[in-house]
Amino acid sequence: MALAISMEATDARARELGIDLDSVDVDSIALPPGEDFDILRDDEDLLQDEDIPELEMGFANIIVVDNLPVVPPEKYEKLENVLRKIYGQLGVIKEGGLWMPTDPETKKTQGYCFIEFNTPQEAEFAMEKTRGYKLDKSHIFAVNMFDDFEKYMKVPDEWAPAEIKPYTPGENLLKWLTDDKARDQFVIRAGTFTEVYWNDARRAMPELVYQKQYWTDSYIQWSPLGTHLATVHRQGAQVWGGDDKFVRLMRFLHPQLKLIDFSPGEKYLITYSSHEPSNPIDTHRVVLNIFDVRTGKVMREFKGSADDFTTGGNMGVSGVSWPIFRWGGGRDDKYFARLGKNVISVYDTETFALIDKKSLKVENVVDFSWSPTDPIISLFVPELGGGNQPARVSLVQIPGKEEIRQKNLFSVSDCKMYWQNNGEYLAVQVDRYTKTKKSIYTGFELFRIKERDIPIEVFELDNKNDKIIAFAWEPKGHRFAVIHGDGPKPDISFYTMKAVNNNVSRVSKLTTLKGKQANSLFWSPAGRFIVLAGLRGFNGQLEFFNVDDLETMATGEHFMATDIMWDPTGRYLATAVTSVHEMENGFQIWSFNGKQIYKVLKDQFYQFQWRPRPPSLLTPEKEEDTTKNLKRYSKKYEQEDQDVHHLLDEEERKRRMRLQEVWEAWVAKWKQLHEEERAFRMQLRGGEDSDKEEEAEYKEIEAEELVDVTEETVAFDLDQE
């Protein structure tokens with residue numbers, strides 16, 4: 001369906017863009033021969049029905065700001081500049097869009113003004129942000145939408161009780177978890193489409209759940225528990241959810257939005273934008289909002305220059321580290337913190353203010369991370385004073401800000417911290433200088449968080465000079481894996497934090513795999529299985545390894561793979577080639593033991609994400625019992641698998657029957673046509689019926705031929721050959 005736009009809408013859009021349509025000569029506009037510049041034709045589908053934008057008409061993009069100072073003409077321009085500075089950072093004010101009425105007699109302003117923004121969303125956002133803004137003690141802004149005045153004028157003089165509407169149940173945001181086949185969902189972005197699928201491994205194909213074109217302006221993101229799907233737009237973010245329709249649940253206004261981040265428990269959404277400075281020598285201006293996901297209310301706003309947000313973390317846009325705020329305390333969403341210069345600022349979500357109204361002061365701190373389950377911060381401070389003051393790793397309890405463990409480190413070049421997902425262990429990878437300071441070797445400090453006094457073990461590889469390529473903890477387990485070595489084929493070693501065979505050392509080595517084409521580790525979320533992957537230079541080499549049995553289950557390859565992701569249950573693995581490469585774009589689904597189930601190719605493939613699951617409601621004891629008695633539980637599902645295979649066989653039989661019926665119908669059609677043209681053929685042949693077989697006489701003729709061949713002739717012929 002083509003997108004239909006009225007002339008009134010076109011004129012309105014042109015006025016917004018400052019274009020004079022009367023001066024445009026449409027007939028003079030033409031594209032070079034053979035070139036379309038990716039411009040869609042009029043007959044191409046642009047949007048689905050629900051995507052057609054509703055053009056906002058009237059005065060929805062105008063706000064009225066009251067309680068302004070009353071100033072004489074000589075101060076008019078100064079007050080106008082102040083208002084432009086305040087509201088110009090909240091949206092784009094149209095040219096001539098700020099008007100302060102004046103008294104015709106005194107020429108003074110009348111204490112209010114009208115401001116017209118580019119969009120109604122910007123106007124609504126500006127109203128929310130500045131309602132109650134204190135210009136000074138005597139002037140507190142009262143801000144309203146211009147359209148609201150008409151609504152308030154229609155309020156009747158006599159009160160009437162509100163009509164009680166019948167209760168209508170909301171969307172079931174957990175319906176997808178009740179799938180009778182216990183399947184998982186995933187979302188992909190390819191071209192202009194965003195699509196949600198069931199992973200139907202039994203049928204060896206994905207099943208489409210929902211598809212929408214132009215659903216997001218940049219990227220998509222599941223919330224940590226899989227309840228919501230967030231889309232990112234220039235005007236802000238939106239979250240969607242429900243059964244299989246994905247209705248919009250909430251909008252979050254944030255002009256020029258670039259990045260979003262959910263809290264672990266999905267209660268809050270952080271939005272981020274950066275704005276070009278008016279002065280070239282200044283840095284980008286950063287705006288961060290923390291929204292309540294359920295109500296859409298802004299709980300806290302942070303503003304500042306990009307320099308204020310560049311400390312620590314992974315670099316994002318405009319040199320700003322992301323995520324800026326890191327959440328702690330598990331899924332309770334109780335605390336969040338950010339790194340500053342010589343401080344770690346920790347906030348609680350009850351007041352959204354600093355704990356004890358002050359930051360945690362740590363001289364020269366360069367990095368920190370939260371325990372995944374407890375309100376504990378691990379932080380790293382490098383050496384100071386040329387080595388006179390050693391580096392250290394500290395554990396700090398929140399909210400008391402009490403240091404519960406500390407370890408001093410010497411000759412440190414770099415330090416990385418890895419928390420195990422249950423918060424039981426912390427591994428600190430320490431790169432140290434040798435005595436000559438000409439080379440670096442690596443060791444580990446292993447913290448046992450749950451044990452008394454938090455004991456620390458020093459751990460080094462057999463060859464401590466090996467370069468550490470990757471490190472990963474086993475989820476829900478006590479093992480970890482390390483890729484190490486300097487050659488093109490490094491080694492992979494597995495260790496356990498529990499004693500083996502009464503070994504004195506509590507950290508025990510399980511095995512070392514020599515010479516593997518791998519540079520990345522991907523543990524199954526359920527533990528036990530791991531994929532040893534060779535990305536980038538190794539072109540997508542895969543090895544599926546069983547750590548319980550210390551054996552390789554299978555090997556595979558997904559050429560040029562850029563991403564590897566386990567589903568939340570650990571049953572299936574997805575490998576993908578995104579548009580970073582120009583060819584072989586798409587994804588493959590594998591079983592946990594390395595069997596390729598199906599492959600899907602997609603042009604302009606940008607993103608693949610499994611839908612997360614909330615934590616299991618089973619107790620650890622029940623999970624352990626289920627694992628022990630898996631064969632008893634699996635009988636039901638084995639029968640279901642057989643039924644599916646029978647169904648697939650039946651579908652294949654029906655497909656072949658349909659093909660045979662099509663063939664027979666085609667043959668019958670041409671036989672009928674041949675019969676209908678019989679008279680015409682006889683006419684062409686002078687009345688002779690060529691379809692009848694003519695009588696023919698067959699005679700047998702016997703002929704004898706004598707060939708006289710001498711031995712010499714035979715020999716001669718053989719010689720010639």
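The structure this text deals with has already been given above.
Thresholds applied
- Think of each chain on its own: its residues are numbered from 1, step by step along the sequence as written.
- Residue-level local features of this predicted model are given only where pLDDT is at least 70; pairs of side-chain atoms are given and counted only at 80 or more, and the full residue set underlies all totals for whole chains, interfaces and linings.
- In computing side-chain values, all of the structure's heavy atoms are included and hydrogens and water are not.
- Numbering goes from the N terminus for both helices and strands, where a helix is a DSSP run of H or I of at least four residues and a strand is a run of E of at least two.
- We call a residue buried when its accessible area falls under 20% of the maximum for its residue type, exposed when it is over 50%, and partly exposed in between, using a 1.4 Å probe and counting protein chains only.
- One side-chain nitrogen of Lys or Arg within 4 Å of one carboxyl oxygen of Asp or Glu is enough to make a salt bridge.
- Here, a strand pair is defined by DSSP locating no fewer than two bridges between the strands.
- Within this scheme, the nonpolar core is defined by two criteria: the residues are buried Ala, Val, Leu, Ile, Met, Phe, Trp, Tyr or Cys, and they are joined through side-chain atoms within 4.5 Å.
- When checking whether two residues touch, look at their non-hydrogen atoms; a contact exists if any pair is within 4.5 Å.

S.K.: Can you tell me about unusual backbone geometry, naming the residues and giving the values?
M.R.: Omega for the peptide link from Ile398 to Pro399 comes to 15°, which places this bond in the cis form. Inspection of the secondary structure puts Pro399 in the loop between β26 (391-397) and β27 (402-409). Phi is positive for Ile454, which is not a glycine, with a value near 50°. With respect to the element layout, Ile454 can be found in the loop between β30 (440-448) and β31 (456-459). Taking the relative accessible area as the measure of exposure, Ile454 reaches 8% and is therefore buried. Of note, Glu584 is a non-glycine position whose phi angle comes to about 60°, a positive value. Tracing the backbone through its elements, the reader meets Glu584 in the loop between β41 (572-577) and β42 (586-591). You can call Glu584 partly exposed: its relative accessible area is 38%.

S.K.: Give me the lowdown on the pattern of salt bridges, citing residues and values where you can.
M.R.: Side chains that differ in sign of charge can pair as their charged atoms come close. Enumeration according to the criterion identifies 28 salt bridges in this entry. Here Asp491 makes a salt bridge to Lys514, at a shortest N to O gap of 3.5 Å. Here Lys514 lies in the loop between β35 (508-513) and β36 (520-523) and Asp491 lies in strand β34 (residues 491-496), a separation of 23 residues in the sequence. Looking at Asp491, the relative accessible area reads 16%, which means it is buried. Owing to a relative accessible area of 60%, Lys514 belongs among the exposed residues under this scheme. What emerges from the salt-bridge pattern is a single network uniting Asp179, Arg183, Asp200 and Glu207.

S.K.: Any details on the pairing of strand β38 (residues 541-546)? Residues and values, ideally.
M.R.: Counting buried residues along β38, 5 of its 6 residues qualify, which places the element largely inside the surrounding structure. For strand β37 (residues 529-534) and β38, the ladder comprises 6 bridges, and the chain directions are antiparallel. Paired with Val531 across the bridge in β38 is Phe544. Here β37 folds back onto β38 in antiparallel fashion, the turn holding 6 residues, of which Arg536 has a positive phi close to 55°. In this sheet, strand β39 (residues 551-557) lies alongside β38 in antiparallel orientation, the contact comprising 6 bridges.

S.K.: Outline the nonpolar core, listing residues and values.
M.R.: Ranked by size, the top nonpolar core spans 30 residues in total, and within it Ile260, Leu288, Phe325 and Phe336 carry the most contacts. Here Phe325 is in contact with Asp261, Ile270, Leu288, Phe302, Phe336, Ala337, Arg338 and Tyr347, once residues within four sequence places are set aside. Ranked by size, the runner-up nonpolar core spans 23 residues in total, among them Val65, Ala123, Phe141 and Leu253.

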